[in-house]
Amino acid sequence: MCQMRRNFWDKVVGSRGTIRDYTGFNASKDAETVRKAIKGIGTDEKTLISILTERSNAQRQLMAKEYRAASGKDLKDDLKSDLSGNLERVIVALVTPPAVFDAKQLKKSMKGSGTNEKALIEILASRSSKQMKEVSQAYYTVYKKSLGDDISSDTSGDFRKALLTLADGRRDENVKVDEHLAKKDAQVLYSAGEKKWGTDEDKFTEILCLRSIPQLKLTFDEYRNISKKTIEESIQGEMSGHFEDLLLAIVQCVTNTPAFFAERLHQSLKGAGTDEFTLNRIMVSRSEIDLLDIRAEYKKHYGCSLYSAIKSDTSGDYKTTLLMICGGDD
């Protein structure tokens, strides 16, 4: 139990990231260096990459503030007008506050004719209640629309219900577990699925979207004792479509969040084309949380390091930036 609690809090405080606060950080000095790198004839990408990938997001925000004070311009706008393509997108992501970045990723995944359900699922299944509250607030600030309203108009059925429950940020954050509740919830899930003709999807949504991560770990153990099946096997047998995908993603994040992201990264890198939308999002959003653990899971499952996979699949300054974020070869 102590070990589980410690691992859980490790992830919460983000001690397994590849990017940490830069020692001897000087916001105004960095802002001036970045301004010179942008201002000259041709951009000094090397300096930009070096500074932005070696400072924490909190430090980048202070640097952006100093940049505006000194130049009267927005750092993000200057970077956008000076860079292009994948390099621009990943560099701009680095100078965006995490909650705003998630909000923008969610908006992009719902914009236009088709919905990118995979991105919606990934973000909503893996963020804590506190993070989701911040994301919802950032979403409203940026778009003057509620995240819930956009999810409602873009999705349907049980999938929509579960996404809205997660977007509300009501998941219990308590690290203490209740064994009696775990047994009760496991029985409820069993009765709502395997034991029943037809499935009571609401019960799955309620338990998987609202219970704390440590509580769900215990519930899944109890579930296996009752049903002689894993919760994944039951979900695969009982559910379908995007709702099934979402519930499986929640289970994966409860069981092993870094392995979940390692798989998503592998999918974004394998095959004919690279999925930069996913690659950028995971590399940037996990860089201060658990990217070291994601790297370890990647190596374990796919037989090569994340570093080498990125190296062989990307090019130029974009590759350099991602490799700096990755923080080393395993």
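Provided above is the structure to which this section pertains.
Reference entry: report on the structure contained in this document. Computed from a predicted structure; not experimentally measured.

As a further point, take helix 8 (residues 117-126). The element helix 8 is largely enclosed, with a buried count of eight among its 10 residues. Residues Ala119, Leu120, Ile121, Glu122, Ile123, Leu124, Ala125 and Ser126 constitute the buried set of helix 8. For helix 8, the secondary structure elements touched by its buried residues are helix 7 (98-110), helix 9 (129-143), helix 10 (147-154), helix 11 (157-167), helix 16 (241-269) and helix 17 (276-285).

Contact geometry for helix 11 and helix 13 (residues 201-210): axes closest at 10 Å, N-to-C directions at 25°. Between helix 11 and helix 13, the crossing angle belongs to the class labelled roughly parallel. Viewed along their axes, helix 11 and helix 13 form a crossing whose handedness is right-handed. On helix 13, the residues that touch Asp158, Lys161, Ala162, Thr165 and Leu166 of helix 11 are Glu201, Asp202, Thr205, Cys209 and Leu210. In terms of residue class, the contact of helix 11 with helix 13 is built from four nonpolar, two polar and four charged.

Structurally, the position occupied by Ser126 is in helix 8. For the pair Ser126 and Leu166, spaced 40 residues apart in sequence, the C-alpha separation works out to 9.6 Å. When neighbours within four sequence positions are excluded, Ser126 is seen to be in contact with Gln131, Cys253, Phe260, Phe261 and Arg286. Within the local environment of Ser126, its side chain forms a polar contact with the side chain of Arg127, the two groups lying 2.8 Å apart.

A cluster of basic side chains, namely Lys80, Arg89, Lys108 and Lys111, defines a positive patch on the protein surface. Within the secondary structure, Lys80 sits in helix 5 (residues 75-82). For Lys80, a relative accessible area of 41% gives the class partly exposed.

Let us now look at helix 2 (residues 27-39). Over its 13 residues, helix 2 runs 18 Å from end to end, which matches the ideal 18 Å to within 8%, given 1.5 Å per residue. Of the positions making up helix 2, those classed as buried are Ala27, Asp30, Ala31, Val34, Ala37 and Ile38. Looking straight down helix 2, one finds that the buried residues subtend no more than 125° of arc, so they occupy a single side. Exposed side of helix 2, more than 90 degrees from the buried face: Lys29, Lys36 and Lys39 are the residues found there. Against helix 3 (45-53), helix 4 (57-71) and helix 5 lie the buried residues of helix 2.

We now examine the side chain of Thr314. Tracing the backbone shows Thr314 in the loop between helix 19 (306-313) and helix 20 (316-326). A distance of 2.6 Å separates the side chain of Thr314 from the backbone oxygen of Ile310, its partner in a polar contact. Not counting residues within four places of it along the chain, the set of residues in contact with Thr314 comprises Leu279, Lys319 and Leu322.

Right, let's talk about the packing of aromatic side chains for a bit. Applying the stated criterion to the full structure yields four aromatic pairs. For the ring pair Tyr190 and Tyr223, a centre distance of 6.5 Å and an interplane angle of 75° mean the geometry is edge-to-face. Pair noted here: Tyr190 is in helix 12 (residues 179-192) and Tyr223 is in helix 14 (residues 213-227), with a separation of 33 residues, a long-range link. Assessed through its relative accessible area of 22%, Tyr190 is described here as partly exposed. Taking the ring centre of Tyr143 as reference, the NZ or CZ of Lys107 above it sits at 5.1 Å. In this structure, Arg281 packs its charged tip against the face of Phe277, placed 4.8 Å from the ring centre.

Its identity as a non-glycine residue notwithstanding, Lys144 has a phi of 55°, on the positive side. On the secondary structure map, Lys144 appears in the loop between helix 9 and helix 10. A relative accessible area of 59% places Lys144 in the exposed class. Positive phi, normally seen in glycine, also occurs at Lys228, with a value near 60°.

Here we come to the packing of helix 10 against helix 11. Contact pair helix 10 / helix 11: the axes reach a minimum separation of 10 Å and the direction vectors enclose 170°. Comparing the axis directions of helix 10 and helix 11 gives the class roughly antiparallel. Residue-level contacts link Leu147, Gly148, Ile151 and Ser152 of helix 10 to Arg160, Leu163, Leu164 and Ala167 of helix 11. When grouped by side-chain class, the residues that make up the contact of helix 10 with helix 11 number five nonpolar, two polar and one charged.

Right, let's talk about the layout of surface pockets for a bit. The volume enclosed by the second largest pocket comes to roughly 380 Å³. Lining the second largest pocket are 19 residues, and of these Arg89, Val92, Lys104, Gln105 and Lys108 lie nearest its centre. Breaking the lining of the second largest pocket down by element, the ones donating at least two residues are helix 5, helix 6 (85-94), helix 7 and helix 17. Here the residues of the lining of the second largest pocket sort into five nonpolar, four polar and 10 charged.

Criteria and cut-off values
Residues numbered from 1 in each chain as written. Predicted model: local features only at pLDDT ≥ 70, side-chain atom pairs only at ≥ 80, totals over all residues. Heavy atoms only, no water. Buried < 20%, exposed > 50% of the residue type's maximum accessible area, 1.4 Å probe, protein only. Helix = DSSP H or I, 4+ residues; strand = E, 2+ residues; numbered from the N terminus. Contact = heavy atoms within 4.5 Å. Axes fitted to C-alpha atoms, helices over the stretch in contact; angles between N-to-C directions. Parallel < 35°, antiparallel > 145°, perpendicular 65-115°, else oblique. Left-handed = near helix turned anticlockwise from the far one by under 90°. Nonpolar A, V, L, I, M, F, W, Y, C, P; charged D, E, K, R; others polar. Polar contact = N/O pair within 3.5 Å; in protein donor to acceptor, adjacent residues only side chain to side chain. Patch = residues over 30% accessible without salt bridge, like charges linked within 9 Å, V, L, I, M, F, W, Y side chains within 5 Å. Areas by Shrake-Rupley, 256 points an atom, 1.4 Å probe, with all protein chains shown as cover. Salt bridge = Lys/Arg side-chain N within 4 Å of Asp/Glu carboxyl O. Lys, Arg positive; Asp, Glu negative; His and termini not counted. Charge placed at Lys NZ, Arg CZ, Asp CG, Glu CD. Expected span 1.5 Å × (residues − 1). Arc of directions from axis to C-beta. Phe/Tyr/Trp six-rings, centres within 6.5 Å; stacked < 30°, edge-to-face > 60°. Lys NZ or Arg CZ within 6 Å of the ring centre and 35° of its normal. 1 Å grid on protein atoms, 1.4 Å probe; cavity = no way out; pocket = protein on both sides within 12 Å on 5 of 7 lines; lining within 4 Å. Points joined across faces, edges and corners; volume = space filled by probe spheres on them.

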